[in-house]
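# Coordinate analysis (summary)
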Amino acid sequence: QWQAVRSPVLLVEAGNSVTPAGQMRSMGESGYRAEYLHVPDAGHLVHDEAPQVYRRAVEFFLAAH
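Residues numbered from 1 in each chain as written. Predicted model: local features only at pLDDT ≥ 70, side-chain atom pairs only at ≥ 80, totals over all residues. Heavy atoms only, no water.

## With respect to the environment of Ala50
Note the threshold: Elements are defined by DSSP. Helices are runs of H or I of four residues or more, strands are runs of E of two residues or more, and each kind is numbered from the N terminus. Burial classes: relative accessible area under 20% of the type maximum marks a residue as buried, over 50% as exposed, and values in between as partly exposed (1.4 Å probe, protein chains only). Contacts between residues were defined by any pair of non-hydrogen atoms, one from each residue, lying within 4.5 Å.
Along the chain, Ala50 falls in the loop between α2 (46–49) and α3 (51–64). Assessed through its relative accessible area of 11%, Ala50 is described here as buried. Once the C-alpha coordinates of Ala50 and Ala14 are considered, the two residues, 36 residues apart in sequence, prove to be 9.4 Å apart. If sequence neighbours within four positions are ignored, Ala50 has contacts with Val39 and Ala42.

Here's what the structure looks like:
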């Protein structure tokens, strides 16, 4: 299903993520117009634990698309 997505995607992965290690990075590498950001010092809720990093990433992504 991931390969069928044809819209820009921003993948934000926390250093302490609930996803399997490497899964989101792989999605970023294999996705159509996918951008990947790893936030090593954040937990699962990146927008709560690293709000400035999250906001900058989302604003940049939205401005670009």
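Back to the write-up after that little detour.
## Re the packing of aromatic side chains
Stated precisely, the cut-off is as follows: Only centres within 6.5 Å qualify two rings of Phe, Tyr or Trp (six-membered ring in Trp) as a pair; their planes then separate them into stacked at under 30 degrees, edge-to-face at over 60, and tilted for everything else. Distance and angle both matter: a charge sits over a ring if NZ of Lys or CZ of Arg is within 6 Å of the ring centre and within 35 degrees of the ring normal.
For the structure shown, the criterion picks out zero aromatic pairs. A cation sits over an aromatic face here: Arg6 above Tyr32, 4.7 Å from the ring centre.

## Here's the deal with the side chain of Glu13
Heads up, the rule is: Only four residue types enter the tally: Lys and Arg on the positive side, Asp and Glu on the negative side, with His and both chain ends excluded. One speaks of a salt bridge when a side-chain nitrogen belonging to Lys or Arg is within 4 Å of a carboxyl oxygen belonging to Asp or Glu. Within 3.5 Å is the distance limit for a polar contact, defined as a pair of N or O atoms, with the added protein rule that one can donate a hydrogen and the other accept it, and that residues adjacent in sequence qualify only through two side-chain atoms.
Here Glu13 shows up in strand β1 (residues 9–14). Buried within the structure, Glu13 lacks any salt-bridge partner; its nearest side chain of opposite charge belongs to Arg25, at an N-O separation of 5.7 Å. Looking at Glu13, its side chain comes within polar contact range of the side chain of Tyr36, at 2.3 Å.

## Focus on the confidence of the model for the protein chain
Should pLDDT be low for a region, the predicted coordinates there are not to be read in detail. Let me state the cut-off plainly: One number per residue, pLDDT, summarises how confident the predictor is, and it ranges from 0 to 100.
Across the protein chain, the average pLDDT comes to 94, with 100% of residues at or above 70. When the elements of the protein chain are averaged for pLDDT, helix α1 (residues 23–30) gives the smallest value, 93, and α3 the largest, 97.

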